[in-house]
Amino acid sequence: MKKAVILGGGESGCGSAVLAKAKGWKVFLTDRGTIAPKYLELLDRYGIDYEQGAHTESSILDADLAIKSPGIPDTAPIVVKLHEQGIPVISEIEFAGRYTKGRTICITGSNGKTTTTTLLGRILQAAGYDSAVGGNIGESFAYTVATTDKAWYVLELSSFQLDGIETFRPDIAVLTNITPDHLDRYGYVFQNYIDSKFRIIRNQRPEDYFIYDIDNPVVSREVALRTPALRMLPFAAQHPYGIGTDTSAFDRPGAFLTDGDHFRASVGDRTVTIDIRRMGIKGIHNTYNAMAAALAALAAGVEPAVIADTLYTFEGVEHRMEFAGCVNGVTYINDSKGTNVDSTWYALDSMRTPTVWIAGGTDKGNDYETLKPLAREKVKALVCMGVDNAKLIASFTGVVPAVYDTHSLADTMRICAEIATEGDTVLLSPACASFDLFKNYEDRGRQFKAAVQALQKR
C-alpha cells in the first residue's frame, strides 16, 4: 500500500487526508501547530493517523507522495527534505483533480476571487447544476470529491494552491486581475507572483476557456507575451475590448460595456445584457466580477435569463465592503478581506463621506503610494491596527490629517468612536494580512462586527 503524507491539519489538509484514505492510501497527517477540534474529530472519524505539535521525520520521509497545505512555503525545512528525498510534493487541488471526472471552473487573481467564485456558484445553483463551491473558500475540493463527487466544481484558487499543480487543468479558467500581493512569499519579485497566477492555464487544452481582464495592464501584457492557444474570453469595464471606442468589440466573444450603465457578455450564440444599475453589488470592481462570472456561466451553458436574475439579486460576500452597523450616525464598513493595496484602493475609492480608515496587520511588501491620493481626498484619520505599524505611520503621516497607532481591536474601536462624527464612515480595509493579531481575515472581520454591535448596545 502506498503512503501519502499530508502536511497541515486545516481544511485543505484534512480534506486531502479523507480523500487519500477513501482511495486506498496509507495516510499520515502531520501539523507542527495545533489542530482545531473540528478537524481532530474528522480525522478520528475516518481513522486517520496524525500528529500535532511536531514533524516526525521518520514518519514523513518514507512517503510515496506528500500533499502540502497552501500556507506552507516550499522553503519550509520539511518540504526541502521531502524534495531532497525525491518525494513528490503536490497541492490538494492537484491531488483531488486526479480523482474526479467533474468539470471545473477555477478563479484566481489578486482581487475579486471570492466574490466572483461565490456569485458563479449561485448562478450554477440557480440553473440546477450538480455543483459545489470550494478551493480557497468553504469546503475543500478534496473533501467534496471524497464524499459527494459533483458534476461541476467552482474553485477559488490562490497562487499558493496553483504553485503545487502538475497536471491539473480547469475546463474554464478565470483570471480576475493581477496586482502586487504576497511578495514576501515570492522573494519580493513581482514576476514570480505573476508566473504563479498564470499556472492556471498551463495545462489547458485548445477547447478550454480562458477568461481574463484585458483592462488590467499586467494581465494584458502577459497574455500578449504568452499567446495561449485557448478559447479566449476577455472582459473590459473601462472601454470596449481595451481599444478605446472600437464598437466592433461588441460582436466579439467576451464582455464589454455597451454604455455607462450596461454590459454585454457573449460566448458562442449565448448573450446576456446586464443593467449595471440593477445589480445587487455596486462599484466598478463588482462590474468586473459580474462580467467574469457571466462569461464563465455562459461558457458552462447556463441560460442568459438565469445569469441576469442572479446578478440582480446577489448582494455580495461577507467581509467585502459589508455593512456592519450604524452607531450615532456613523456607518461602519467591514472590508476585512481587503488584504492588499489594490483591494483597499477600490474600498477607499467607493467612499462618499469623510472616512476614518482602519488599516494595518502583517505587511506583505506593500507599496502604499497608489493609496495616497485617495487618502488625501477621502480620509480624515487613519487608525493603524497591528503589532508593528511603523511603515503605515511613516507612509501616511502628512498625507492624512491624523494618524493613530494602536495594537488591539479594543483600542482601535475606542479611538474610532471618539473621533468619528455623525455622517462619517469607519472603514476597516487593512491592506495587510491579519496574522499578527487575528487568526485570519474572517476572524478579524467577525471581531470587528461584534465590536460594532457592542457599541450599538451602549
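Residues numbered from 1 in each chain as written. Predicted model: local features only at pLDDT ≥ 70, side-chain atom pairs only at ≥ 80, totals over all residues. Heavy atoms only, no water.

Participant: How would you sum up the state of the cysteines? Please name residues and give values.
Facilitator: Disulfide: a covalent bond formed between the sulfur atoms of two cysteine residues. Counting across every chain of the model gives zero disulfides. For the unlinked cysteine Cys384, the closest cysteine sulfur is that of Cys432, found at 9.1 Å. This cysteine, Cys416, is not joined by any disulfide, and Cys384 carries the nearest cysteine sulfur, 11 Å off. What makes Cys416 buried here is its relative accessible area of 0%. (Disulfide = S-S within 2.5 Å. Buried < 20%, exposed > 50% of the residue type's maximum accessible area, 1.4 Å probe, protein only.)

Participant: If you had to explain helix 10 (residues 217-226) to someone new, which residues and values would you point to?
Facilitator: Turning to helix 10, its buried residues number three or more, namely Val218, Val219, Glu222 and Val223. The buried residues of helix 10 occupy an angular sector of 125° when projected down its axis, which confines them to one face. Exposed residues on helix 10 whose side chains face more than 90 degrees from its buried face are Pro217, Ala224 and Leu225. At the exit of helix 10 stands Thr227, carrying a positive phi of roughly 40°. (Helix = DSSP H or I, 4+ residues; strand = E, 2+ residues; numbered from the N terminus. Arc of directions from axis to C-beta.)

Participant: Provide a residue-level description of the nonpolar core, including the pertinent values.
Facilitator: Core analysis: the biggest nonpolar cluster contains 54 residues, and Phe95, Phe141, Phe168, Ile178, Phe198 and Phe210 have the highest contact counts within it. If one sorts the elements of this core by residue count, helix 1 (residues 11-22) sits on top with five residues. Excluding residues within four positions of it along the chain, Phe141 makes contact with Glu92, Ile93, Ala96, Gly97, Thr100, Thr104, Gly135, Tyr153, Leu155 and Phe168. Residues Phe235, Leu257, Ala292 and Leu295 belong to the second largest nonpolar core, which totals 45 residues. (Core = buried A, V, L, I, M, F, W, Y, C linked by side-chain atoms within 4.5 Å. Contact = heavy atoms within 4.5 Å.)

Participant: Which residues make up the UniProt feature "binding site: ATP" (unreviewed entry) in the chain, and what values go with them?
Facilitator: Under the present numbering, the feature "binding site: ATP" (unreviewed entry) in UniProt falls on Gly109, Ser110, Asn111, Gly112, Lys113, Thr114 and Thr115. When you line up the elements, Ser110 lands in the loop between strand 6 (103-108) and helix 6 (113-126). For Ser110, a relative accessible area of 5% translates into the label buried. Setting aside residues up to four positions removed in sequence, Ser110 forms contacts with Thr176, Asn177, Ile178, Thr179, Asp181, Tyr193, Lys197 and Asn340. Locating Thr115 in the fold gives a position in helix 6. (UniProt positions renumbered as here; feature names shortened; annotations may be inferred.)

Participant: Describe in detail the UniProt feature "domain: Mur ligase C-terminal" (unreviewed entry) in the chain, supporting the description with residues and values.
Facilitator: What UniProt calls "domain: Mur ligase C-terminal" (unreviewed entry) maps, in this numbering, to residues 319-432. The distance from the first to the last C-alpha atom of residues 319-432 is 14 Å, and the span holds 30% helix and 27% strand.

Participant: Tell me about the sheet that holds strand 8 (residues 152-156), and name the residues and values.
Facilitator: Taking strand neighbours across the sheet as the criterion, the nine strands line up as 7-8-6-9-10-11-12-13-14 in an open arrangement whose pairing is mixed. Every interior strand has two partners, whereas the edge strands, strand 7 (131-135) and strand 14 (270-275), have only one. Adjacent strand axes in the sheet meet at a mean angle of 20°, parallel and antiparallel pairs treated alike. Across five bridges, strand 10 (residues 209-213) lies against strand 11 (residues 231-236) in parallel orientation. When the bridges of strand 11 are listed, Phe210 appears paired with Met232. (Pairing = 2+ DSSP bridges. Axes fitted to C-alpha atoms, helices over the stretch in contact; angles between N-to-C directions.)

Participant: Can you lay out the pairing of strand 16 (residues 330-334) for me, pointing to particular residues and giving the numbers?
Facilitator: Most of strand 16 sits inside the fold, with four of its five residues counted as buried. In the sheet, strand 15 (residues 322-327) pairs with strand 16 via five bridges, with the strands oriented antiparallel. Bridge pairing in strand 16 links Cys326 to Thr331. Of the strand pairs in this sheet, strand 16 and strand 20 (residues 425-428) are connected by four bridges, and their pairing is parallel. When the bridges of strand 20 are listed, Thr331 appears paired with Thr425.

Participant: Can you explain the side chain of Lys449? Please cite residues and give values.
Facilitator: Looking at the secondary structure, you find Lys449 in helix 17 (residues 441-456). In this view, Lys449 contacts Glu318, His319, Glu322, Ala324 and Asn334; residues no more than four positions away in its chain are not counted.

Participant: Could you give an account of the sheet that holds strand 2 (residues 26-31), with specific residues and numbers?
Facilitator: Strand order in the open sheet formed by five strands is 3-2-1-4-5, and the pairing between neighbours is parallel. The strands lining the two open edges of the sheet, one partner per strand, are strand 3 (49-52) and strand 5 (89-91). For this sheet, the mean inter-axis angle between neighbouring strands, taken without regard to orientation, is 25°. Note that strand 4 (residues 65-68) and strand 5 share three bridges and pair parallel. Looking at the pairing, Ala66 lines up with Val89 of strand 5. Across the face of the sheet, helix 4 (residues 77-84) comes into contact with strand 1 (3-7), strand 4 and strand 5 while running at roughly 155° to strand 1.

Participant: Give a detailed account of the packing of helix 6 against helix 12 (residues 304-313), specifying residues and quantitative values.
Facilitator: One way to put it is that helix 6 packs onto helix 12 with a least axis distance of 9 Å and a crossing angle of 130°. Accordingly, the angle class assigned to the pair helix 6 and helix 12 is oblique. Crossing of helix 6 against helix 12: the hand is right-handed. Every residue of helix 12 that contacts helix 6 at Leu119, Arg122, Ile123 and Ala126 is listed here: Val306, Ile307, Thr310 and Leu311. Residues of the contact of helix 6 with helix 12, tallied by class, amount to six nonpolar, one polar and one charged. (Parallel < 35°, antiparallel > 145°, perpendicular 65-115°, else oblique. Left-handed = near helix turned anticlockwise from the far one by under 90°. Nonpolar A, V, L, I, M, F, W, Y, C, P; charged D, E, K, R; others polar.)

Participant: Any details on the pattern of salt bridges? Residues and values, ideally.
Facilitator: Applying the stated criterion across every chain, the model contains 26 salt bridges. Two residues, Asp171 and Arg205, come together in a salt bridge whose shortest N-O distance is 3.9 Å. Within this pair, whereas Asp171 is found in the loop between helix 8 (159-162) and strand 9 (172-175), its partner Arg205 is found in the loop between helix 9 (190-197) and strand 10, the two being separated by 34 residues in sequence. The exposure class of Arg205 is partly exposed, given its relative accessible area of 33%. Between Arg320 and Asp335 there is a salt bridge, with its nearest N and O atoms 2.3 Å apart. Remark: Asp335 occurs in the loop between strand 16 and helix 13 (341-349) and Arg320 occurs in the loop between helix 12 and strand 15; sequence separation between them is 15 residues. Note on Arg320: relative accessible area 16%, which makes it buried. Among the charged side chains, a network of salt bridges with common partners joins Arg103, Arg169, Asp171, Arg205, Glu207 and Asp208. (Salt bridge = Lys/Arg side-chain N within 4 Å of Asp/Glu carboxyl O.)

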